[in-house]
Amino acid sequence: MNVQIQPPRTPAEAALIDAFGERLSLLPGNGEVTLKRDAAIEAIKAGLPTRRIEAWHYTDLRRLLTAVPAFDATAKATPVAPLIEGSSILALLNGAAGKAPAIEGVTISAVSEKLGDGTYASALGAQDADDAIGALNSAFVADGWLLDIADGTVLEKPIELQNVQAGGQVHARLAVKVGAGVTATIVERQTGTGAALVSSVDNVVVGEGSNITWLIVQEQPDTATHLGQFNAWIGKDAKLTLFVMNTGGKLVRQEIRVVTKGQGSDFQLRGVNLLAGDTHTDVTMVLDHAVPHTGSREIVRNVVTGRANGVFQGRINVHQVAQKTDARMACNTLLLSDEGEFSTKPELEIFADDVQCGHGATVTEIDRNHLFYLMARGIDEKTARGLLVKAFVAEVIEELEDEPVVDALEALLDNWFQAHG
Amino acid sequence: MPAVQETIEQVRKIDVDQYKYGFETEIETDKAPKGLDEDIIRFISAKKNEPEWMLEWRLGAFRRWLTLEEPNWARVEYPKIDFQDIHYYAAPKNQSGPKSLDEVDPELLKVYEKLGIPLKEQEILAGVQKEQPGEFEEAGDNVYKSGRVAVDAVFDSVSVVTTFKEELAKAGVIFCSISEAIREHPELVKKYLGTVVPTTDNFYATLNSAVFTDGSFVFVPKGVRCPMELSTYFRINEKNTGQFERTLIIAEEGAYVSYLEGCTAPQRDENQLHAAVVELIALDDAEIKYSTVQNWYPGDAQGKGGIYNFVTKRGDCRGARSKISWTQVETGSAITWKYPSCILRGDDSQGEFYSIAVSNGYQQVDSGTKMIHLGKNTKSRIISKGIAAGFSQNTYRGQVSAHRKATNARNFTNCDSLLIGDQCGAHTVPYMEAKNSTAKFEHEATTSKISDDQKFYVMQRGIPEEEAIALIVNGFVKEVIQELPMEFAVEAQKLIGISLEGSVG
Amino acid sequence: MLEIKNLHARVAETGVEIIRGLNLTVKDGEVAAIMGPNGSGKSTLSYVLAGREDYEVTEGEILYNGQSILEMDPAERAASGIFLAFQYPMEIPGVATMEFLKVAMNAQRKARGEDPLSIPELMKRVKHAAGELSMDLAMLKRPLNVGFSGGEKKRAEILQMKLLEPKLCVLDETDSGLDIDALKIVADGVNQLRSPDRSIVVITHYQRLLDYIVPDAVHVLYKGQVIKSGDKSLAYELEENGYAGIIEEAA
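Residues numbered from 1 in each chain as written. Chains lettered and ligands numbered in written order. Predicted model: local features only at pLDDT ≥ 70, side-chain atom pairs only at ≥ 80, totals over all residues.

(A) Layout of the environment of glutamate 53 of chain C. Position of glutamate 53 of chain C relative to the elements: it lies in the loop between helix H1 (42-50) and strand E4 (55-64). With 20 residues separating them along the chain, glutamate 53 of chain C and aspartate 73 of chain C place their C-alpha atoms 8.5 Å apart. (Helix = DSSP H or I, 4+ residues; strand = E, 2+ residues; numbered from the N terminus.)

(B) Molecular detail of the sheet that holds strand E3 (residues 31-35) of chain C. Residues and elements named next belong to chain C. Strand order in the open sheet formed by 6 strands is E6-E7-E8-E3-E9-E10, and the pairing between neighbours is mixed. A single partner strand is all that each edge strand has here, and the edge strands are strand E6 (82-85) and strand E10 (225-230). Going across the sheet, the axis of each strand differs from the next one's by a mean of 20°, ignoring polarity. Where E6 meets strand E7 (residues 168-172), 4 bridges bridge the pair, whose relative direction is parallel. From the neighbouring strand, leucine 84 faces E7, where its bridge partner is valine 170. The strands touched by helix H7 (residues 233-250) are E3, strand E9 (217-222) and E10; relative to E10, the strand with the most contacts, the crossing angle is about 135°. (Pairing = 2+ DSSP bridges. Axes fitted to C-alpha atoms, helices over the stretch in contact; angles between N-to-C directions. Contact = placed C-beta atoms within 7 Å.)

(C) Fine view of the domain arrangement of chain A. Residues and elements named next belong to chain A. The assigned domain composition of chain A is domain 1 (11-365) and domain 2 (367-421). Domain 1 and domain 2 are separated by 27 Å when their C-alpha centres are compared. On the domain 2 side, the residues contacting the 18 residues of domain 1 number 15 residues. Elements that contribute at least two residues to the side of domain 1 that touches domain 2 include exactly strand E9 (211-218), strand E11 (239-246), strand E13 (266-275) and strand E15 (295-304). (Domains from an automatic or database assignment.)

(D) Representation of the interface of chain B and chain C in the model. Between chain B and chain C, the residue contacts involve 28 residues of the former and 30 residues of the latter. Among the elements that take part in the side of chain B that touches chain C, helix H10 (residues 465-481) of chain B stands out by supplying 9 residues, more than any other. Residues that form the side of chain B that touches chain C fall into these classes: 12 nonpolar, 7 polar and 9 charged. (Nonpolar A, V, L, I, M, F, W, Y, C, P; charged D, E, K, R; others polar.)

(E) Representation of the interface of chain B and chain A within the structure. Taken together, the contacts link 33 residues of chain B with 33 residues of chain A. When contributions to the side of chain B that touches chain A are tallied by element, the ones reaching two or more residues are strand E21 (410-420), strand E22 (425-434) and strand E23 (440-449) of chain B. For the side of chain B that touches chain A, a count of residues per class yields 13 nonpolar, 11 polar and 9 charged.

(F) Molecular detail of the packing of helix H2 (residues 32-45) of chain A against helix H5 (residues 132-140) of chain A. Residues and elements named next belong to chain A. Relative to each other, H2 and H5 sit at 135°, their axes nearing to 8 Å. Here H2 lies oblique to H5, going by the angle between them. H2 and H5 meet at a crossing whose hand is left-handed. Residue-level inspection shows Lys36, Arg37, Ala40, Ile41, Ala43 and Ile44 of H2 in contact with H5, the latter providing Ala132, Ala135, Leu136, Ser138 and Ala139. Here the contact of H2 with H5 is built from residues that sort into 8 nonpolar, 1 polar and 2 charged. (Parallel < 35°, antiparallel > 145°, perpendicular 65-115°, else oblique. Left-handed = near helix turned anticlockwise from the far one by under 90°.)

In structure tokens:
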């Protein structure tokens, strides 16, 4: 009775396992790196996560990942114009790091080099049993950028990390070590032209007293699968503001795993998901308040049109020692289509008693009173709806208060509404 | 609120082991041998003089159960249960079916007397006579009633007596044990049993379908407002037995019934399994109000013993404008795994869930609800108050979903948790799923502790610390207490105070 | 009634000393006003008297009718007759004001070895006291202080004070947030309680309240010490010249 039966492999699982056999000898790194890759592929061999895995409850990757494209060595990608003018661009073109510009206070190297000499081996591997993205990426990662920002560096202009795909498979790493007292804005662009399978893992360590704004702008074509993971550890009195904007992709999962490591640290998440067509987009956050006196605020706004399916899972873990934690999370969704779907799971896991934690979630349509008010002022319904929907997400963007950033994101918003409004 | 003072009195009187229903009664019993196979199921069915179709139904469920796995998604941990090490049937001797009150074993009557449960028809629930509400007190939305309650008393695997049966029959209400219903009203049982919780539903519900031994059956015919509160009182007495009760309540068009359920068990070092299934069916314009005060033995201060309470409760708002309301006060059990749910199938139907879950010691609670919006203009409301103390883990898990055709579905959810001490955990896991653009869901949750400011303020008025906390906690849960029938509200407040005893320090 | 000798008290969490060698005597039946600029330690003094755990007494003594109260918890102090009217009364959701009054009155009676009040007797007392303060009885059904206006909160404090019949009343900035009519009602309530065996300590920043509750003695608190004491004329002097003069004089 109750015998665990391993279901037959899906075509996607089989393709990944086959690809690993073919690719391994071409991937950078030997010895320790290879061992890590071998261990990582075992997780894929055990099967992609299904809805029975709580962390993947709304994104049954085994069912949704129907096909896996082969690696395409001939595909050529070209850099895109930066989101914010004057940014220093570090591009990954179809998975390969190009030439790095010089940025004062920042030491830059390519991940392929560090895999090649084995020094990056320790960063490979899945973090836990639910970490399918970490496993997939560790098995296949070929390149990426490693940045080390020196203590006290204040960057006037953003650094833009571009991951541009042109089809096939791309598995990238972006790792940034931020020293103490740094102020910087980093833009991560996930874009391209092909029907690629992309995995992209970020590891960010924020040093004492630093203030970092990190924007993830995901604009993949609606044929691509994008599996992103953002990991961050925030030091004493440091602040990390993460802004995530998803406007594209066919199957998207963006994981956010953040730990407040130092007292007085603060994490801010702002998310905008603009969902259209026949797509599936999942933003899943796990935030650990691991020390006393830390704070966090998460606000995620979603607009669902067409046959799009959206997911937000947010879990705040307050550890037993993390007294005086102040954590609040809100997820608000405008469901504009009867064929669309949105699922939310905001979780609180609390082991400390002297805390203030809360979450709120709403799913609604456009407020009829607001709509009526605008129409009573002579604005036609379509325009009025457009205004209200845009205002709903723009609110989150405007909070960033950095003018060039706000302008750039609002331009993206306008583009999306022109295409899908 | 007379109960506050009562709570304080109770708390003061009680020693370390605060569970006051932990006594065991020496009653000669008839038991099935330990273990579970088709023969045991045939044995149970034969004991109950069941018709063949019922036996087949049970066997079907059993065969299905063999293919299922225990669920592991809840936030509870316990050693693997050996399902072959349990007695699936235990009944007081010569008590194979409910009889009239005069024939019930006097020892059994004493048990219920000791538990404060009135089995004599002229009596009302203990505590009510003494505690008339004061002039200035509001009984919430409940109109204070005469307090007459019909009781079905279930002792281990059988119903020992059901009171007020005749008077209810005059109004057309059937209130009896499920075993009797299977024999006397097979057409109703066949029509409704397993239609809300199918035999294939989940591991424990399927097990229950195979081995259920007794429980209550209520049928309120079209247009009838049940003339009194109905109640079932469950008592586990025997060692190493599981209790698998099955309750089925049907309210026909325009009917109304309010049903209460209470549970206790002796203090034992071994864990005992309780896997019940409750099915509610409300047809057009019908309303069912189901209240539970769950006080199974929670285990001792070290976490030894206690009941594993794995329960499937679901209501089907099958008719238009029907309403089902669950209210629960959970203070007992070592582990609670329970999600009283509403399927809002009928247009304009309504579901409600009001819950207080108190955990102390090493208790683990994973409880909440599901509100499944299928019909048009359906509404649901969830108010959950969790209080964790000691080394306990207290999880709210709730699902709200609106399906494609559920236009104008509305949900409001509020779940608040209170932590007392820094060795416990409070968790909130809501699932919200919307597939209709006209749905409107609102969810809010908070976790906090009793503020030092509040405690100081109350103590400054001369109220000692433990009473101050009981007072603030009772305020925190007031919104839910108000939903309980008056008779249970008083009991519930006392229980909460008792459950939190020793949590201050 | 009350004798404070060389009292030193600090915030428990930060160790910052707020009361720095304070001496004060309040006689039986006396109304003593304690005035002082912001941050002088007025509210801290009221909390220390009431036994708030957030403050630690590091030195000195508080004698209440000749007995030290430092080892008593807030409830014990309250039951012995010390009442603090809070500057910011706490909201207690779900607990009806009436119910709270009953629990508090009976808890104190119990501590004194008296029987609990019967419900009719309790009702009679509450109705009477509320009437004197022009309070609407409907308010008593609402949860304590939840959604009360500033004036309603202060009145509810005075109502509790009347019903609990304390021996030593400490009024912490009771005038803040009150309009003139509410101030008069509150002051009347306090004046009715004046008696030879009851002392009242009125903590205030402004002289305004003292027009209505006329003090027998005025003490000026600055940096955690009483720097000057006098009769009610001292309050007028402060009103005219501010605190600066007295502070300079003391320095």
